[in-house]
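Inside the fold
Single-letter residue listing:
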There are 8 protein chains.
Amino acid sequence: MTTPYKRLDKNDAAVLLVDHQAGLLSLVRDIDPDKFRNNVLALSDLAKYFNLPTILTTSFETGPNGPLVPELKAQFPDAPYIPRPGQINAWDNEEFVKAVKATGKKQLIIAGVVTEVCVAFPALSAIAEGYDVFVVSDASGTFDEITRNAAWERMARAGVQLMTWFGVACELHRDWRNDIEGLGALFSNHIPDYRNLMTSYSVLTAQK
Amino acid sequence: MTTPYKRLDKNDAAVLLVDHQAGLLSLVRDIDPDKFRNNVLALSDLAKYFNLPTILTTSFETGPNGPLVPELKAQFPDAPYIPRPGQINAWDNEEFVKAVKATGKKQLIIAGVVTEVCVAFPALSAIAEGYDVFVVSDASGTFDEITRNAAWERMARAGVQLMTWFGVACELHRDWRNDIEGLGALFSNHIPDYRNLMTSYSVLTAQK
Amino acid sequence: MTTPYKRLDKNDAAVLLVDHQAGLLSLVRDIDPDKFRNNVLALSDLAKYFNLPTILTTSFETGPNGPLVPELKAQFPDAPYIPRPGQINAWDNEEFVKAVKATGKKQLIIAGVVTEVCVAFPALSAIAEGYDVFVVSDASGTFDEITRNAAWERMARAGVQLMTWFGVACELHRDWRNDIEGLGALFSNHIPDYRNLMTSYSVLTAQK
Amino acid sequence: MTTPYKRLDKNDAAVLLVDHQAGLLSLVRDIDPDKFRNNVLALSDLAKYFNLPTILTTSFETGPNGPLVPELKAQFPDAPYIPRPGQINAWDNEEFVKAVKATGKKQLIIAGVVTEVCVAFPALSAIAEGYDVFVVSDASGTFDEITRNAAWERMARAGVQLMTWFGVACELHRDWRNDIEGLGALFSNHIPDYRNLMTSYSVLTAQK
Amino acid sequence: MTTPYKRLDKNDAAVLLVDHQAGLLSLVRDIDPDKFRNNVLALSDLAKYFNLPTILTTSFETGPNGPLVPELKAQFPDAPYIPRPGQINAWDNEEFVKAVKATGKKQLIIAGVVTEVCVAFPALSAIAEGYDVFVVSDASGTFDEITRNAAWERMARAGVQLMTWFGVACELHRDWRNDIEGLGALFSNHIPDYRNLMTSYSVLTAQK
Amino acid sequence: MTTPYKRLDKNDAAVLLVDHQAGLLSLVRDIDPDKFRNNVLALSDLAKYFNLPTILTTSFETGPNGPLVPELKAQFPDAPYIPRPGQINAWDNEEFVKAVKATGKKQLIIAGVVTEVCVAFPALSAIAEGYDVFVVSDASGTFDEITRNAAWERMARAGVQLMTWFGVACELHRDWRNDIEGLGALFSNHIPDYRNLMTSYSVLTAQK
Amino acid sequence: MTTPYKRLDKNDAAVLLVDHQAGLLSLVRDIDPDKFRNNVLALSDLAKYFNLPTILTTSFETGPNGPLVPELKAQFPDAPYIPRPGQINAWDNEEFVKAVKATGKKQLIIAGVVTEVCVAFPALSAIAEGYDVFVVSDASGTFDEITRNAAWERMARAGVQLMTWFGVACELHRDWRNDIEGLGALFSNHIPDYRNLMTSYSVLTAQK
Amino acid sequence: MTTPYKRLDKNDAAVLLVDHQAGLLSLVRDIDPDKFRNNVLALSDLAKYFNLPTILTTSFETGPNGPLVPELKAQFPDAPYIPRPGQINAWDNEEFVKAVKATGKKQLIIAGVVTEVCVAFPALSAIAEGYDVFVVSDASGTFDEITRNAAWERMARAGVQLMTWFGVACELHRDWRNDIEGLGALFSNHIPDYRNLMTSYSVLTAQK
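Since the structure is predicted, the reported quantities are computational estimates derived from the model, not experimental observations.

**A few points about the overall build of chain A**
- What chain A contains, in helices and strands, is 8 helices and 6 strands.
- In sequence order, chain A lays out its α and β elements as β-α-β-α-β-α-β-α-β-α-β-α-α-α.
- In terms of C-alpha radius of gyration, chain A reaches 17 Å, essentially the compact-globule figure of 17 Å for 208 residues.
- Its C-alpha atoms put chain A at 60 × 40 × 35 Å along the principal axes.
- Residues classed as buried in chain A amount to 69% of the 208 residues present.
- Accessible area for chain A stands at about 6400 Å²; split by element, carbon and sulfur atoms hold 51% of it.
- One way to put it: in chain A the 20 positive side-chain charges average out to a point 4 Å from where the 25 negative ones average out.

Printed below as a string of structure tokens:
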């Protein structure tokens, strides 16, 4: 009756970043742009921090959809990069699926723009092929709340696990002792409230 | 435990537009009227663009519920048009069900007013008879968010897939290369942000 | 994987009104009081209109929870009325369950205050005993949206169908031709927008 | 202590449309894009309907700000059109001010993107030079509600009258008898609820 | 620098109800319809309770705007009733102004639909002629919050006092001892929370 | 054109608490009850902390409005306590005005329930008699945001300064060095975030 | 297809309070701080009232996350207290799991900060080991609504029952007659509206 | 009756940053933390870009309020930095006022935490001494919207001009031709939507 706990494992996870393109981003209105930008970059930073195989893909990037945001391109210079010639569902692109398979990972962490299409379509396809799919809901954006909620409902009912970048980072890391400074830096760079806690803490302890 | 991915197929889908009547539309308050009007017309345009068999039906259109909005009537002059003499659930009307069966399609894309009645009732009935049902949630409207959420929950739990017009268009189209201009025009006419991207793009590339 | 369509049937449905008491109503803050009052009275009116067996119950009505709102008491002078001496879950009160069983109905339409307790507890108990349960979500109220959403989730996952008074009325009535004036009056009395449609319509048609 | 009623007069009013450019529009997030687009086009239509002298201006339209939206350009082919080479406040552009003065009008109706800059700056400058300024608040957009509210406060305190396109149309028209069909068409094209009223009305009266 | 306290006086106040018409009410979307209906009827009841001269007016009631809501017509059978042949600002109608002057009152309590036009225009005109104007903001409705806020700002800056029906009733009544039952009944009929307080109170004190 | 800075002075200020009664509090729906309760108690605590003369008054406390909340009664056992026999505007009660005058203070800090009546009426009356009035807006509550905003507008335009309990405390205290522990305790008891800062700080500095 | 009703039983339930630390609390922004503080303390009070075995745990409390809030420490001086040296999921800490097992209870009531990590991780782990898990959603907090909703969806789909502290208290108590005063005091201390009801009631009945 | 247009002049403006401290920032809940952080840093960047004299001050930075956020300290290493020993209103600190006067500027641009105290108090004091004050409302934060709105009302009525960082930058810059790249970089770094426009633009024009 219920889904068993599928837990993210940093040795078995890959990240798929789908269509975070400069033009398409202007369509995202279900989340504040400063916050959304931060979430996408946080996801990108955690992918790199945990050394997860990462795949980039875009849709028609020479047209109005615009180029991939430069920060993502710069962050993963050696990652598979598949500019799709036309397929809307990235999973319909053979090269993309081949790249996913080449990672050898069973768990797919997906984010993209827009949620109900560029994220939901490959997420549903991947589940149909037996992958465990984790959608990073706060690094995925779309037109409005109605669209987001409908997309979440469709994905969740198909078995997608809805997470956010912070939950993904914590579930991958498991234990602070694996690297306190690294995880702390990731949080400090992307959670202003946490940065403030660290600032106050370090000043107070330095005073001793 | 989970629903498998049922993917829209333009060769196996029909559209049912239920009770978008001038009077009933005044009941819709869970979505802004400018936006709702745009969504309904976008769905109508995509039905025509993909050449999907479309069925129109109304409830008591000679009474306070008012006539079908003229744009829909004009868009589908040859579509089956079933003014129901009294049945609240369109599926209780034999002529309507006959028209649905006559399409020979297995996938039903449904939108209407109000969501928890005119949409939910035939959606639940159609599922009970083995159809795959996709409700276009942003082209369906009702009294308020409580009502919408309750209706979504009831439908989703029965197996309805909740989508929006943009997701429907993308899942039907599959690949931009099938027709770039046609899909682009559909988006430009109904997504102001996308229209702006196209405007900027065309001016810049024309300058070259 | 999904719940089959259980459709309300006016010959097989009873209404349970749980703890709509003058004191407890001050706890309801997830819905505007004017709107909530209207919804509760609309549910009461439809119960009477469809002649559904109706059961009233209260919790500690001689204490701070206060008396049942007088309109409900007046509307159902001959209905079973069970002032519970202490049981929080009405289903723990034998007299209440006996009254429910005495109706001989299989479908229970439940509303009350507060949603996650006075509604959810008997709803979950009734399902466990094999009843079909329909909660009238907009005639049930509670502290805030977090509480409401958690209660809905718990109930829906247990098989409760979430509805609103308007959907219940429409599903029970099935066909306008069963009684146009009666249903029209019910809607006119409880949906200002519908009343306005009827006003305009009747003036215009009277002018002919 | 209070501002006297300055009433719009169609013989003494001009319209200034400031920086409704395809790129800048992606910055507007204090109002839904479907609704905003409708409001801007409604203002444009009323300017033409009332035959008000209209002035178009843009900021850096060959750069990222993008071109003026084509609909406005098409609507006013003979209007003064001032692509500003750099001045952020349109009033700092001599040609613009000259065009305003050339209209010979005392009342300026201003809308633009973004509210606190492209609208507020010339509005404040025009007031300082003795004009009566009416800002069309729902055809002007900006980043978020905080920004909008601050801009409104600053403008209102300086004497700007805050209006919306519908109020402007009504105050200019004064009496329906001046042209029932024309004003009705304007409302029908830009207010879905009004269009529905007209649809129901015309069908019912045609039936007589 | 500030406006002195102009206090409502039941011997010097008249009520103007402007364009509460069945069709126009479908345009009101800045306030829930159940609540709005209650507020308008509450204002109507207080006008009658305090025996204030009341004037009714409508705009084009034989067209799509629809008839005055019947409850208001029924409540004030002998009140001046001015169906305006075309003037949008009621103050432009000589008969209306004459009726206002005939009341001999200096304080005008105004409510209507829509706020920025049917309310704001006569309110601004009346102030210009020296009346003290009190707008009943919660018995006046319009398209959305942007429109309402702009209208409030324009009116308040011109000297209009923004009130709500409850504040008007309290300021007119001054002292409960003038009539406890009458005011209590008014509140009980239009404030569900107050009705509940009275229900609990009366039951508890009756038990003594 | 603008109001000069009138600054609260602990030697010239008195506090008026108007109608915080157990029954009337159920009418307050423009602020969450946990938060509102905290704000009222914070205001009460600061009144005592700064030793400000405080006056309590109630309206019909033996009827449905209910008794003054016991915490306030307990906090100010020796304060003037004026249960008004009927006057809605406390300023119409001679005993109340006499008590205000007896404080010899020029600055009146007012809070109460409901904002547009029990607060606004005496605030406007006090200003008319030359007092400086500071309304504690977050310790005053009413039916909804429309009512609150209208009341704020009316009061502010008459010269009332709108503040919140925290601002009042800070403006009265002027300098932390006057008493660090006392003010810190006040904040810790009523601002959870500040309490947390103090907890972390004290643990960290204790560790040294 | 649906989850059977698992009902809380005070003889079979334990409470797990996870990471309510002074620093981490500054991350909670999906619920007002006054309200959240009240909810956490209400949960703590009910745990004590029902004498439920309670386990406290913290994450890195000597770093920026800060110490456990003192009220919880004081409330449960003899409870197992497990400051985790690094494990993010409390269930990864053997001592914690041992403490849970030592309670001998099958039903786990969990709350903590932040919802999608400190609550969701052990909740999912506990379910995987066969426990019945009840998450107290209003005593758990996190960054924003997107994060909360995603966490709820993930937990609910895995079988977690979402509740609130009030529902937990009522389901544990079962019958008011078990102890009217005790439960009344719990509600009075944490529900201002209920406290007001009790105040009015006790004054009125004392007058008899 | 109205305030004349006081326009920011980069040769006559200074910036005051008041109490942006790591601890106090946890009190800010009227604006999302990612967005607020961005706004504060944007203001800091524009102060540096326009070379405006900038003054930093803090309140009790060695206590729970915490240290100034390091980015501000680093940005203005040579700016006057006044850690106030106790004065809540920075204007009560002689050293601070001396630093302000030493700038020789007449226009003060103020931002800080929390709005109604650390910003409003010195803003009101500065106006009383004849300065023109511009509050950067989106780089100032406080507890909630009620508090913010009350603070805005109090400040605006005293003559403060409410702006946002973007408006300040535009009004100071006056003409893009003064430095296109510099202003573009400022916008690109702090407005994700503008950054996207620049990305798309530069890619498209580079392709030529």
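**Notes on the sheet that holds strand β4 (residues 107-112) of chain H**
All names here are of chain H.
- Overall, parallel pairing links the 6 strands, which are arranged β3-β2-β1-β4-β5-β6 in an open sheet. Every interior strand has two partners, whereas the edge strands, β3 (81-84) and β6 (161-163), have only one. Direction aside, the axes of adjacent strands within the sheet are offset by 25 degrees on average.
- When strand β5 (residues 132-136) meets β6, the two strands line up parallel, connected through 3 bridges. Residue pairing in the sheet places Val 136 in a bridge with Met 163 of β6.
- Packed on one face of the sheet, helix α3 (residues 94-103) meets β1 (13-18), β2 (54-59), β3 and β4 and runs near 170 degrees to β2.

**Some remarks on the interface of chain D and chain C**
- Taken together, the contact between chain D and chain C spans 5 residues of the former and 5 residues of the latter.
- Remark: the boundary between chain D and chain C carries 0 salt bridges.
- Counting across the interface, chain D meets chain C through 0 residue pairs in polar contact (both at pLDDT 80 or more).
- A breakdown of the residues in the side of chain D that touches chain C according to their chemical character gives 2 nonpolar, 2 polar and 1 charged.

**Some thoughts on the relation of the copies chain B and chain A**
- Mapping chain B onto chain A calls for a rotation angle of 90 degrees and an axial translation of 0.0 Å; the resulting RMSD is 0.0 Å. The superposition of one copy onto the other is thereby described by a four-fold rotation axis.
- The residues that chain B uses at the interface reappear at the interface of chain A in only 13% of cases, marking distinct surfaces.

**Focus: the pattern of salt bridges**
- Under the definition given, this model contains 112 salt bridges over all chains.
- Salt-bridge contacts for Asp 32 of chain A lead to Lys 35 of chain H; the nearest nitrogen and oxygen are separated by 2.8 Å. Of this pair, Asp 32 of chain A sits in the loop between β1 (13-18) and α1 (33-49) while Lys 35 of chain H sits in helix α1 (residues 33-49), placing the two residues on different chains.
- Through salt bridges with shared partners, a single ionic network connects Asp 30, Glu 145 and Arg 148 of chain A.

**Points about the relation of the copies chain D and chain C**
- Superposing chain D onto chain C takes a rotation of 180 degrees plus a shift of 0.0 Å along the axis, which leaves an RMSD of 0.0 Å. Such a combination of rotation and displacement between the chain copies is what one expects of a two-fold axis.
- Comparing interface residues between copies, 100% of those in chain D also lie at the interface in chain C; the contact surface is shared.

**A short note on the interface of chain B and chain A**
- Opposite the 38 residues of chain B that make contact, chain A presents 37 residues.
- For the pairing of chain B and chain A, the buried interface totals around 3100 Å² over both sides, and the portion due to carbon and sulfur atoms is 61%.
- Of all residues in chain B, the largest losses of buried area upon contact with chain A belong to Tyr 5, Trp 176 and Asp 193 of chain B, amounting jointly to 18% of the total for that side.
- Linking chain B to chain A there are 4 salt bridges.
- A salt bridge links Glu 171 of chain B to Arg 154 of chain A, with the shortest nitrogen-to-oxygen separation between them at 2.9 Å.
- Elements represented by at least two residues in the side of chain B that touches chain A include exactly α5 (145-157), β6 (161-163), α6 (165-173), α7 (180-190) and α8 (192-207) of chain B.
- Each residue belonging to the side of chain B that touches chain A can be placed in one class, and the counts come to 18 nonpolar, 7 polar and 13 charged.

**Some details on helix α3 (residues 94-103) of chain A**
Residues and elements named next belong to chain A.
- Within the sequence span of α3, burial applies to Phe 96, Val 97, Ala 99, Val 100 and Thr 103. Along the long axis of α3, the arc covered by the buried residues comes to 155 degrees, so they all point the same way. For α3, the exposed residues lying more than 90 degrees away from the buried face are Glu 94, Lys 98 and Ala 102.
- In this structure, the buried residues of α3 make contact with β1, β2 (54-59), β3 (81-84) and β4 (107-112).
- Between the side-chain oxygen of the N-cap and the backbone nitrogen of Glu 95 there are 2.9 Å, and the N-cap of α3 in question is Asn 93.
- Following α3 by one or two positions, Gly 104 adopts a phi angle in the positive range, close to 70 degrees.

**Let's talk about the domain arrangement of chain A**
Residue and element names in this part refer to chain A.
- Here chain A is described as being made up of domain 1 (13-174) and domain 2 (177-208).
- One C-alpha centre belongs to domain 1, the other to domain 2, and the line joining them spans 28 Å.
- Taken together, the contacts link 13 residues of domain 1 with 9 residues of domain 2.
- In total, about 910 Å² of surface goes out of reach between domain 1 and domain 2, with carbon and sulfur atoms giving 68% of it.
- Contact with domain 2 buries area across many residues of domain 1, yet Tyr 49, Trp 165 and His 173 alone supply 53% of it, more than any other trio.
- Between domain 1 and domain 2 we count 0 salt bridges in total.
- At the surface where domain 1 touches domain 2, the tally comes to 5 residue pairs in polar contact (both at pLDDT 80 or more).
- Of all elements in the fold, only α1 and α6 (165-173) reach the threshold of two or more residues within the side of domain 1 that touches domain 2.
- In terms of residues, the side of domain 1 that touches domain 2 owes the most to one element, α1, which gives 6 residues.
- For the side of domain 1 that touches domain 2, the residue count by class is 9 nonpolar, 2 polar and 2 charged.

**Some points on the environment of Leu 46 of chain C**
Residues and elements named next belong to chain C.
- Take Leu 46: it is sitting in helix α1 (residues 33-49).
- The class of Leu 46 is buried, set by a relative accessible area of 0%.
- Sequence spacing of Leu 46 and Val 15 is 31 residues, and the spatial spacing of their C-alpha atoms is 9.9 Å.
- Excluding residues that lie within four positions of it along the chain, Leu 46 makes contacts with Trp 165, Val 168, Ala 169, Leu 172 and Leu 186.

**Topic: the sheet that holds strand β4 (residues 107-112) of chain F**
Residues and elements named next belong to chain F.
- Read from one edge to the other, the open sheet built from 6 strands follows the order β3-β2-β1-β4-β5-β6, with strand pairing classed as parallel. Of all strands in the sheet, those bounded by a partner on one side alone are β3 (81-84) and β6 (161-163). Each strand of the sheet is rotated relative to its neighbour by a mean of 25 degrees, with strand direction disregarded.
- Against the sheet, helix α4 (residues 115-128) touches β1 (13-18), β4 and β5 (132-136), its axis set at about 165 degrees to β4.
- Helix-sheet contacts for helix α6 (residues 165-173) involve β1, β4, β5 and β6, and the interaxial angle to β6 is about 105 degrees.

About the thresholds
- Residues numbered from 1 in each chain as written.
- Chains lettered and ligands numbered in written order.
- Predicted model: local features only at pLDDT ≥ 70, side-chain atom pairs only at ≥ 80, totals over all residues.
- Heavy atoms only, no water.
- Helix = DSSP H or I, 4+ residues; strand = E, 2+ residues; numbered from the N terminus.
- Rg over C-alpha atoms; globule rule 2.2 N^0.38 Å.
- Buried < 20%, exposed > 50% of the residue type's maximum accessible area, 1.4 Å probe, protein only.
- Areas by Shrake-Rupley, 256 points an atom, 1.4 Å probe, with all protein chains shown as cover.
- Lys, Arg positive; Asp, Glu negative; His and termini not counted.
- Charge placed at Lys NZ, Arg CZ, Asp CG, Glu CD.
- Pairing = 2+ DSSP bridges.
- Axes fitted to C-alpha atoms, helices over the stretch in contact; angles between N-to-C directions.
- Contact = heavy atoms within 4.5 Å.
- Salt bridge = Lys/Arg side-chain N within 4 Å of Asp/Glu carboxyl O.
- Polar contact = N/O pair within 3.5 Å; in protein donor to acceptor, adjacent residues only side chain to side chain.
- Nonpolar A, V, L, I, M, F, W, Y, C, P; charged D, E, K, R; others polar.
- Least-squares fit on C-alpha atoms with pLDDT ≥ 70 in both.
- Buried area = accessible area lost by both parts, 1.4 Å probe.
- Arc of directions from axis to C-beta.
- Domains from an automatic or database assignment.

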